[in-house]
Amino acid sequence: MDKLLIRGGKSLAGTVNISGAKNAALPELCAALLTADTVTLENVPGLQDVATMLKLIRNMGVAAERSQAVPGTVTLNAGALSSPEAPYELVKTMRASVLALGPLLARFGEATVSLPGGCAIGSRPVDQHIKGLQAMGAEITVEHGYMLAKLPANRQRLKGASITTDMVTVTGTENFLMAASLAEGETILENAAQEPEIGDLAEMLIKMGARIEGHGSRRIRIQGVERLHGCTHQVVADRIEAGTFLCAVAAAGGDVVLKHGRADHLDAVIDKLREAGATVSAGEGFIRIQAQGRMKAQSFCTTEYPGFPTDMQAQFMALNAIAQGSSSVTETIFENRFMHVNELVRLGARIQIEGKVATIEGVEKLSGATVMATDLRASASLVIAGLVAEGETVIERIYHLDRGYDQMEAKLRGIGADIERVKS
């Protein structure tokens, strides 16, 4: 397995290109299942999760080609789909596989989808997906680790319904959006997730002929249509990648411009960075951060968008670990998302955990050590810590990092970090 070797202590300066969002690209690849026409996606990031999703839909019979001439462009055609199934072997490392359920059921009337895998950061049940699709008329059973879904014998299409989930679910909202686009009648989603990636998916579906209103709010209305057509769509920039680089610069110091960054998707994070002492400015298609000296520690609580994202919790905790003062971080989304704490402590951080709350006492310096990535965002927090630690930090199991960051070490090297990938 590859490792990252970081020699800390370098400030960062220059420009970083922010890639397309993983959490938008994955549902949008599945949205191609909704039509027999060709769909072209632009700005698709080169990530392991994207490669897994492409392998999954190709296994179903979808023609999916990455452009050699235009990096980031993927052309898909599900006109000859032969197997509406997502087997365990292909989805065990990625929870986003559940996003195939809604489109397959809506277009083909049946789907067999393995219960998803992914990061071990806590329970992410699919019961809300099942509940919503059953409200739309689907018959779904769970057997031997698979969700078996089909339409009743007397129905040709899913039917519109009013769906209120028990909690806010991003992938649930995405599944219902895609399924309802081809359903008969009107579907209303209450308690819908509001993440920018959902808005981006809705905009893609509208280009394909879907009739959707209210995306970006808690209440989304979808009028089903009989068929959808192809489209060309550009994947929105990755706000979590942008937030990760913002935290890295705040921790290491420097002056960096994030090209394609969307400040309006990162209000909660940017507010905290400004309160910590960083200077953050933004304009059309860029975010600039300037930071010097130790930041001031900031307490926060993760919550659904537009609040502070759980996907930025670990990265900001790494910043707090070397900030002035003490802070508390409350994790309300996932019950097992403090696994990076023990690894940060190995680097010299002072962090105590009690239930859902981590208390951090900022230290002046961290010291390099060998640490192990436990999940995707934990990996990023260890990279940030390594950038400021004295001496060498080695991060093992970085396959987690490759699931969600496109060439992270190359981008960091481009702005002055002393970081390299070590093949093993």
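Further up the page is the structure itself.
Residues numbered from 1 in each chain as written. Predicted model: local features only at pLDDT ≥ 70, side-chain atom pairs only at ≥ 80, totals over all residues. Heavy atoms only, no water.

**Student:** A description of the overall build of the protein chain should follow, citing residues and the corresponding values.
**Tutor:** What the protein chain contains, in helices and strands, is 14 helices and 24 strands. Taking 424 residues into account, the globule formula puts the C-alpha radius of gyration at 22 Å, and the protein chain, at 22 Å, falls close to it. With the principal axes as the frame, the protein chain shows a C-alpha extent of 70 × 45 × 40 Å. A buried classification covers 57% of the 424 residues belonging to the protein chain. In the protein chain, once contacts between residues fewer than 6 apart in sequence are set aside, the share between residues at least 24 apart is 74%. Approximately 16200 Å² of the protein chain is accessible, and the part contributed by carbon and sulfur atoms is 46%. (Helix = DSSP H or I, 4+ residues; strand = E, 2+ residues; numbered from the N terminus. Rg over C-alpha atoms; globule rule 2.2 N^0.38 Å. Buried < 20%, exposed > 50% of the residue type's maximum accessible area, 1.4 Å probe, protein only. Contact = heavy atoms within 4.5 Å. Areas by Shrake-Rupley, 256 points an atom, 1.4 Å probe, with all protein chains shown as cover.)

**Student:** Pulling in residues and values, what's your account of the pattern of salt bridges?
**Tutor:** Considering all chains together, one arrives at 23 salt bridges under this definition. Here Asp2 ties to Arg421 by a salt bridge, and the two come within 3.2 Å at their closest N and O atoms. Placement of the pair is Asp2 in the segment before strand 1 (3–7) and Arg421 in strand 24 (residues 418–422), with a sequence separation of 419 residues. Lys3 serves as the salt-bridge partner of Glu396, at 3.5 Å between the closest nitrogen and oxygen. Of this pair, Glu396 sits in strand 23 (residues 392–396) while Lys3 sits in strand 1, and the two are 393 residues apart along the sequence. By relative accessible area, which is 29% here, Lys3 ends up partly exposed. Residues joined in a network through salt bridges with shared partners are Asp2, Asp402, Glu409, Arg421 and Lys423. (Salt bridge = Lys/Arg side-chain N within 4 Å of Asp/Glu carboxyl O.)

**Student:** Help me get a handle on the packing of aromatic side chains, residues and values and all.
**Tutor:** A full pass over the atoms with the stated rule returns 3 aromatic pairs. With a centroid separation of 4.0 Å and 25° between ring planes, the pair formed by Phe300 and Phe308 is classed as stacked. An identical accessibility class is assigned to Phe300 and Phe308; each is buried. Ring centres of Phe300 and Phe316 lie 5.4 Å apart, and the angle between their planes is 75°; on these two criteria the pair is classed as edge-to-face. Taken together, the residues span a long stretch of sequence, with Phe300 in strand 18 (residues 300–301) and Phe316 in helix 10 (residues 313–321) at a distance of 16 residues. A connected cluster of aromatic rings, assembled from ring pairs, spans Phe300, Phe308 and Phe316. (Phe/Tyr/Trp six-rings, centres within 6.5 Å; stacked < 30°, edge-to-face > 60°.)

**Student:** Explain the sheet that holds strand 14 (residues 231–234) to me, and be specific about the residues and the numbers.
**Tutor:** The 4 strands are arranged 4-5-3-14 in an open sheet whose pairing can be described as mixed. Lying at the two open borders of the sheet, with one neighbouring strand each, are strand 4 (63–66) and strand 14. Each adjacent strand pair in this sheet contributes to an overall mean axis angle of 15°, direction not counted. Of the strand pairs in this sheet, strand 4 and strand 5 (residues 74–77) are connected by 4 bridges, and their pairing is antiparallel. Note that in strand 5 the partner of Ala64 across the bridge is Leu76. Its contacts with the sheet place helix 2 (residues 48–59) against strand 4 and strand 5, and it is angled at close to 150° to strand 4. (Pairing = 2+ DSSP bridges. Axes fitted to C-alpha atoms, helices over the stretch in contact; angles between N-to-C directions.)

**Student:** Pulling in residues and values, what's your account of the nonpolar core?
**Tutor:** Counting residues in hydrophobic clusters, the biggest one holds 78 residues, and the most contacted among them are Leu76, Leu177 and Leu205. Element by element, the count of residues in this core is highest for helix 1 (residues 22–31), at 6 residues. With residues up to four places along the chain from it excluded, the contact list for Leu177 reads Leu189, Ile198, Leu201, Ala202, Leu205, Ile212, Ile220 and Ile222. Judged by nonpolar contacts, the second largest core, of 72 residues, contains Val256, Val269, Leu344 and Ala373. (Core = buried A, V, L, I, M, F, W, Y, C linked by side-chain atoms within 4.5 Å.)

**Student:** Account for the packing of helix 1 against helix 7 (residues 196–207), naming residues and giving values.
**Tutor:** As a packed pair, helix 1 and helix 7 sit with axes 9 Å apart at the nearest point and diverge in direction by 30°. On the basis of the axis angle, helix 1 is roughly parallel to helix 7. Crossing hand, helix 1 versus helix 7: right-handed. Listed contacts from helix 7 to Asn23, Ala24, Pro27, Glu28 and Ala31 of helix 1 are Glu197, Asp200, Leu201, Met204 and Leu205. Of the residues assigned to the contact of helix 1 with helix 7, the class counts are 6 nonpolar, 1 polar and 3 charged. (Parallel < 35°, antiparallel > 145°, perpendicular 65-115°, else oblique. Left-handed = near helix turned anticlockwise from the far one by under 90°. Nonpolar A, V, L, I, M, F, W, Y, C, P; charged D, E, K, R; others polar.)

**Student:** Can you break down the environment of Glu213 residue by residue, with the values?
**Tutor:** Here Glu213 is to be found in strand 12 (residues 211–213). As a C-alpha pair, Glu213 and Ala202 span 11 residues in sequence and 8.8 Å in three-dimensional space. When residues no more than four places from it in sequence are discounted, the contact partners of Glu213 are Arg219, Ile220 and Arg221.

**Student:** Before we move on, could you go through unusual backbone geometry and cite the residues and values that matter?
**Tutor:** The peptide bond linking Tyr305 to Pro306 adopts the cis configuration, its omega dihedral lying at 15°. For Arg397, which is not glycine, the phi torsion reads 60° and is therefore positive. In this fold, Arg397 is placed in the loop between strand 23 and helix 13 (399–404). A relative accessible area of 29% means that Arg397 is categorised as partly exposed. In this structure, Gln407 is a non-glycine residue whose phi angle is positive, near 55°. Secondary-structure assignment places Gln407 in the loop between helix 13 and helix 14 (408–414).

**Student:** Can you explain the sheet that holds strand 2 (residues 12–17)? Please cite residues and give values.
**Tutor:** Strand order in the open sheet formed by 4 strands is 2-15-17-16, with mixed pairing between adjacent strands. Of all strands in the sheet, those with a lone pairing partner are strand 2 and strand 16 (279–283), marking the two edges. The sheet shows a mean angle of 10° between the axes of neighbouring strands, direction not considered. Bridge count for strand 2 against strand 15 (residues 254–259) is 6 bridges, and the pairing is parallel. Its bridge partner lying in strand 15, Gly14 is registered against Val256.

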